[in-house]
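Remarks on the overall topology
Chain by chain, the residues:
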Amino acid sequence: MGEIRERHSAGWVKLDTRTKPARWIAVWYTPESYVDPKGVTRYKQATHFLGEKTKDDLPTKTAAEKKWAAKRDSVMTPTAALREKDANISLRRFVESEYIPLKKGSWSSGTRAKLEYVFGYITAQLGDRPLAAIEARELAVFLEELAKKHCKDTVQCVLVYLRSFFEEAIDLDYVSKNPARKLKLPVCTKEKDTTTATIDEIARIEAALVGVNKIIWQLMSRCGPRAAETFAIQWQDIRP
């Protein structure tokens, strides 16, 4: 066991196919040991989520190994890497001061609008909580309560962003683990509203609206954009 552990002292990358999409995981042996039922001394393993096996994230093992090589030292050797001056940073302040500035450069207008929508639900319950104090159980209860009032799409989006927030917090050394990583999507009791308005109903609603509200309604009823796309439209998006 000692020789095997020495050979893997730098950790290794493996593909976790239990999720969709599959995920790249870094694995390494820790100094902590235990004795198995056969009396053999074994060392415990630790893992670190690297990314998903997708075209836009980490499509190949080589890409995953390259990312692991860049992060290995800070992940395997936690030091005063956790920022003492920001030990009590709230989830809201972390997202606003760290997460958004780092990510927004690659976002489309639709992505920005989606985050604003989701962030409202998250901050209403967890915004002022210290980032490092938030645990998996707290997040699970939050998602379960959300699932009682909202459809699956909304709850799933909230879970995706929670995972993303904490993964970035790990990369920036604010926390050492992601409490949202293993959370499951709770059963949502509210069905997605798929009601379709008739032409007469659309006309009656439009007749009752004025100003900017009427313009918004006309855009959505005639052009068919998503709500997030409608509210993100800017002058430069409109062509003669």
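Quick caveat: nothing in here was measured; it's all calculated off a predicted structure.

Overview of the pattern of salt bridges
By the definition in use, this model includes seven salt bridges. For Asp171, the salt bridge identified is with Lys71, shortest N-O distance 2.4 Å. Of the two residues, Asp171 sits in helix 6 (residues 152–171) while Lys71 sits in helix 2 (residues 61–76), which places them 100 residues apart along the sequence. Overall, Lys71 belongs to the buried group, its relative accessible area being 12%. Among the ionic pairs, Glu229 bridges to Arg226, the shortest N-O distance being 2.8 Å. According to the relative accessible area criterion, Glu229 is partly exposed, its value standing at 33%. Judged by its relative accessible area of 60%, Arg226 falls in the exposed class.

Some points on the sheet that holds strand 3 (residues 41–52)
Strand order in the open sheet made by the three strands is 1-2-3, with antiparallel pairing throughout. Of all strands in the sheet, those with a lone pairing partner are strand 1 (12–16) and strand 3, marking the two edges. Between one strand axis and the next, the sheet turns by 40° as a mean value, whatever way the strands run. One ladder, built from five bridges, connects strand 1 with strand 2 (residues 23–35); its direction is antiparallel. If you follow Lys14 over to strand 2, its bridge partner there is Ile25.

The rules behind these values
Residues numbered from 1 in each chain as written. Predicted model: local features only at pLDDT ≥ 70, side-chain atom pairs only at ≥ 80, totals over all residues. Heavy atoms only, no water. Salt bridge = Lys/Arg side-chain N within 4 Å of Asp/Glu carboxyl O. Helix = DSSP H or I, 4+ residues; strand = E, 2+ residues; numbered from the N terminus. Buried < 20%, exposed > 50% of the residue type's maximum accessible area, 1.4 Å probe, protein only. Pairing = 2+ DSSP bridges. Axes fitted to C-alpha atoms, helices over the stretch in contact; angles between N-to-C directions.

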